[in-house]
Amino acid sequence: MGNEHPATLVVGVDGSAESQQALDWAVHLARATRRIVRAVTVCIFVPPAPTLSIPSYYADPDTIALSHEQLLTSAVRQVEAEKLCVDVQTSVLHGEPGRALCAVAEGASALVVGSHGYGAALRAVLGSVSSYCVRHAKCPVVVLPPGAAGRAGDEVHTAKAERG
């Protein structure tokens, strides 16, 4: 894991509208800057505790990974990367999302994630993947807030035009 090519934008995808927006933003930036995109989802697998007498929900790790692969395929299809001539690679990782994203993004141009915009209380309980990535990633991190509009490619072309 890690040591991404410097022309790669790594994007965390979790099936939320915010992560879809992050993927869309990254694909448009990749088109404008001639980069590739690596869309990554992370499976969190907690095996059942055999010593507990409390019934627990158990899902087969292969089933979880397959559902994450389907999630990525759907997310990539929605951004229409092929029409934009952007190479989007996909990866399903296992582990804690923040750590896994930081590890795979090491050496990349940037790590792009969406923010769910949870309040401080819920974030304290659940943790924040975007906050973890900002503190620990060894590459630039772009956090798109909920409802952020615009396309990265449009912003890049505007900036180029303004410079002349």
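Residues numbered from 1 in each chain as written. Predicted model: local features only at pLDDT ≥ 70, side-chain atom pairs only at ≥ 80, totals over all residues. Heavy atoms only, no water.

J.: Hey, could you run me through the overall build of the protein in this one?
T.: Assigned secondary structure in the protein consists of six helices and five strands. Traced from its N-terminal end to its C-terminal end, the protein shows the element sequence β-α-β-α-β-α-β-α-α-β-α. For the protein, the residues scored as buried account for 41% of the 164 residues in total. Once local pairs closer than 6 in sequence are excluded, the contacts in the protein between residues at least 24 apart make up 81%. Working note: accessible area of the protein is about 9,500 Å², and carbon and sulfur atoms make up 54% of it. (Helix = DSSP H or I, 4+ residues; strand = E, 2+ residues; numbered from the N terminus. Buried < 20%, exposed > 50% of the residue type's maximum accessible area, 1.4 Å probe, protein only. Contact = heavy atoms within 4.5 Å. Areas by Shrake-Rupley, 256 points an atom, 1.4 Å probe, with all protein chains shown as cover.)

J.: Quick question: what am I supposed to make of the layout of surface pockets here?
T.: With a probe scaled to a water molecule rolled over the atoms, the places where space remains empty come into view. Space inside the second largest pocket adds up to approximately 190 Å³. Within the residue set of the lining of the second largest pocket, elements represented by two or more residues are helix 2 (61-79) and strand 3 (88-94). With five residues, helix 2 is the single largest residue contributor to the lining of the second largest pocket. Class assignment of the residues belonging to the lining of the second largest pocket gives a composition of six nonpolar, two polar and four charged. (1 Å grid on protein atoms, 1.4 Å probe; cavity = no way out; pocket = protein on both sides within 12 Å on 5 of 7 lines; lining within 4 Å. Points joined across faces, edges and corners; volume = space filled by probe spheres on them. Nonpolar A, V, L, I, M, F, W, Y, C, P; charged D, E, K, R; others polar.)

J.: What exactly am I supposed to notice about the nonpolar core here?
T.: In globular proteins that are soluble, nonpolar side chains generally tend to be buried together. Formed by 23 residues in total, the largest nonpolar core has its most connected members in V11, L23, V27, V37, V86 and V88. Elements with a minimum of two residues in this core: strand 1 (8-12), helix 1 (17-33), strand 2 (36-43), helix 2 and strand 4 (110-114). Of the residues forming this core, the biggest block, seven residues, is contributed by helix 1. If near-sequence neighbours (up to four positions away) are discounted, V11 is found in contact with A22, L23, A26, V37, R38, A39, V40 and V112. V40, L101, A105 and A108 belong to the second largest nonpolar core, which has 16 residues in total. (Core = buried A, V, L, I, M, F, W, Y, C linked by side-chain atoms within 4.5 Å.)

J.: Looking at this model, I keep getting lost on the sheet that holds strand 3. Mind explaining?
T.: Strands in a sheet are paired, the pairing made by backbone hydrogen bonds, and the direction either parallel or antiparallel. Overall, parallel pairing links the five strands, which are arranged 3-2-1-4-5 in an open sheet. The open sheet has two free edges, formed respectively by strand 3 and strand 5 (141-144), since each of these has just one partner strand. Sheet twist, expressed as the mean angle between neighbouring strand axes with direction ignored, is 25°. Pairing between strand 1 and strand 4: three bridges, direction parallel. Considered in strand 4, the bridge of L9 is made with A110. In the packing of helix 2 onto the sheet, contacts are made with strand 2 and strand 3, and the angle to strand 2 comes to roughly 150°. Each of strand 4 and strand 5 touches helix 5 (residues 129-136); the most contacted strand, strand 5, lies at about 160° to it. (Pairing = 2+ DSSP bridges. Axes fitted to C-alpha atoms, helices over the stretch in contact; angles between N-to-C directions.)

J.: Would you take a moment to explain the side chain of S16 for this structure?
T.: Here S16 is to be found in the loop between strand 1 and helix 1. Polar side-chain contacts of S16 include one of 2.6 Å to the side chain of D14. (Polar contact = N/O pair within 3.5 Å; in protein donor to acceptor, adjacent residues only side chain to side chain.)

J.: Help me understand the environment of A75, please; the structure alone is not making it clear to me.
T.: Among the secondary structure elements, A75 is positioned in helix 2. Among the residues examined, A75 registers a relative accessible area of 3% and is labelled buried. Between the alpha carbons of A75 and Q20 there is a distance of 6.3 Å; along the sequence they are 55 residues apart. Here A75 is in contact with V13, Q20 and L23, once residues within four sequence places are set aside.

J.: For this particular structure, what's the right way to read the packing of helix 3 (residues 97-105) against helix 5?
T.: Packed helices, taken two at a time, are described by their axes: the angle between them and the distance between them. It is the contact of helix 3 with helix 5, at a shortest axis distance of 9 Å, that shows an interaxial angle of 40°. By the angle between their axes, helix 3 is oblique relative to helix 5. Relative to helix 5, the crossing made by helix 3 is right-handed. Packed against helix 3, whose contacting residues are P97, G98, R99, L101 and C102, the element helix 5 presents V129, Y132, C133 and H136 at the interface. Here the contact of helix 3 with helix 5 is composed, by residue class, of six nonpolar, two polar and one charged. (Parallel < 35°, antiparallel > 145°, perpendicular 65-115°, else oblique. Left-handed = near helix turned anticlockwise from the far one by under 90°.)

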